[in-house]
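# An overview of the molecular structure
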Amino acid sequence: MISRYKQDASPKVSIIIAHLNNISCLVDCICSLNEISYPYYDIFIVHNGVKSNTLPNALAQLSKYIADIVDTGNNIGFSAGNNVGIKRALQKGAEYVLLLNDDTVVSPHFLNILVEHALKSSYAGITGPRIFYFNEPEKIWFAGAQIDPEVFNIRTFNYDHREDGEIENPIESDYITACALLISKEVIKTIGMLDERFFLYWEDVDWGMRAKKVGFKNLVIPSAHVWHKVSLSSGGMDSLIRVYHKTRSHLLLVRLHAPKTLPKLHIKFIRDIAWLLLKSNDRNRFKRARAYIAAIKDYHKGKTDKGPQWIWNDDKN
């Protein structure tokens, strides 16, 4: 396992891929990374599960740029898993780290573009590509976002819109999604690692807000492209895992950054639960309502673990 030799002034970038169980997505992701043109990178895969005797050999045959495959021993969460990879990469000389979901594929020049903008913008804290749906490759999934400080809702720019021509200038955003996110070791030293209390979801919003608070900007670079197989790694958009962790982590985020908004957020979730129980025709409405209630209860208990086992068992069915 080797890194590309440093042939010019390009900083070393370590790509961190947190992986749970979707091996076919991971294979597609690594194969797309084999085609990138950036001259100096390596890959760290964090397997969020029990040690696998077959995974290292299988992946090593896919790419010579895999520097390490780390088994965490169990599912320790997205933030903690990525932190394991970040620490390992920084120990081995990474100047930048790129967090990348295992259910993505990338364009050949995306990393060159991100690094170029990160280097030339002294105020750039976190940069990211414009991200499209994998199944609808011209439809935008993420191109920046703005947070409403009053109710703490997120408005994503051009979400679900089709690309209408290339945009040249960076787009300032309140955060960059951890689906694909580039950050330097210097920024990490300043704002710290991902907050591991966020087991899943909202950790990237927290990171982006922490970067902004100390004067950095979060920039989407539109000419860098990535495609996302949306939510496959967490069971789908309506999965109980997603409902539970989006809810619990949202409450934590608001407590940390806008505590006065917490009562409004509680009311919103109560209304969501009431709608599910009284008006929804969703056949899984009772399970989803249960996931909301469990998330709220566990937030108030201070839980930061993977949550009840039944949300994970249900999504295997």
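A few points on the structure.

Criteria and thresholds
- Residues numbered from 1 in each chain as written.
- Predicted model: local features only at pLDDT ≥ 70, side-chain atom pairs only at ≥ 80, totals over all residues.
- Heavy atoms only, no water.
- Salt bridge = Lys/Arg side-chain N within 4 Å of Asp/Glu carboxyl O.
- Buried < 20%, exposed > 50% of the residue type's maximum accessible area, 1.4 Å probe, protein only.
- Helix = DSSP H or I, 4+ residues; strand = E, 2+ residues; numbered from the N terminus.
- Axes fitted to C-alpha atoms, helices over the stretch in contact; angles between N-to-C directions.
- Parallel < 35°, antiparallel > 145°, perpendicular 65-115°, else oblique.
- Left-handed = near helix turned anticlockwise from the far one by under 90°.
- Contact = heavy atoms within 4.5 Å.
- Nonpolar A, V, L, I, M, F, W, Y, C, P; charged D, E, K, R; others polar.
- Core = buried A, V, L, I, M, F, W, Y, C linked by side-chain atoms within 4.5 Å.
- Pairing = 2+ DSSP bridges.

## Examining the pattern of salt bridges
Evaluation of the coordinates by the stated rule reveals 14 salt bridges. As a salt-bridge pair, E136 and K139 come within 3.3 Å of each other at their nearest N and O atoms. Residue classification places E136 among the partly exposed positions, given a relative accessible area of 30%. Looking at K139, the relative accessible area reads 17%, which means it is buried. The partner of K212 in a salt bridge is D174, with the nearest N and O atoms 2.6 Å apart. Taken together, the residues span a long stretch of sequence, with K212 in helix α6 (residues 203–213) and D174 in the loop between β10 (171–173) and β11 (180–184) at a distance of 38 residues. On the basis of relative accessibility, which here comes to 14%, the residue D174 falls in the buried class. Because the salt bridges share partners, they merge into one network encompassing D68, R88 and K92.

## As for the packing of helix α7 (residues 240–257) against helix α8 (residues 262–278)
Between α7 and α8, whose axes approach to 10 Å, the crossing angle comes to 165°. The angle between α7 and α8 places the two elements in the roughly antiparallel class. Like other packed secondary-structure pairs, α7 and α8 cross with a definite hand, here right-handed. Between α7 and α8, the residues in contact are T247, H250, L251, V254 and R255 and L262, L265, H266 and F269, respectively. A per-class count over the contact of α7 with α8 returns 5 nonpolar, 3 polar and 1 charged.

## With respect to the nonpolar core
Counting residues in hydrophobic clusters, the biggest one holds 100 residues, and the most contacted among them are I15, L33, F110 and L111. Here this core gets 8 residues from one element, more than from any other, and that element is α7. In contact with F110, other than residues within four places in its own chain, are L33, I36, L98, A224, H225 and V226.

## Side note on the pairing of strand β6 (residues 124–133)
Successive side chains on a regular strand alternate, one facing one side of the sheet and the next facing the other. Along β6, 10 of the 10 residues are buried, which leaves the element largely enclosed by surrounding structure. Sheet topology places β6 next to strand β12 (residues 217–228); 9 bridges connect them, and they run parallel. Across the sheet, the residue bridging to I131 is V226, located in β12. The pairing of β6 with β11 spans 2 bridges and is classified as antiparallel. Bridge assignment links T127 to a residue of β11, and that residue is L182. Taken together, the 2 bridges between β6 and strand β7 (residues 140–142) define a ladder with antiparallel strand orientation. Following the sheet pairing, I131 is matched in β7 by F142. Once β6 ends, the chain turns through 6 residues before running back antiparallel as β7.

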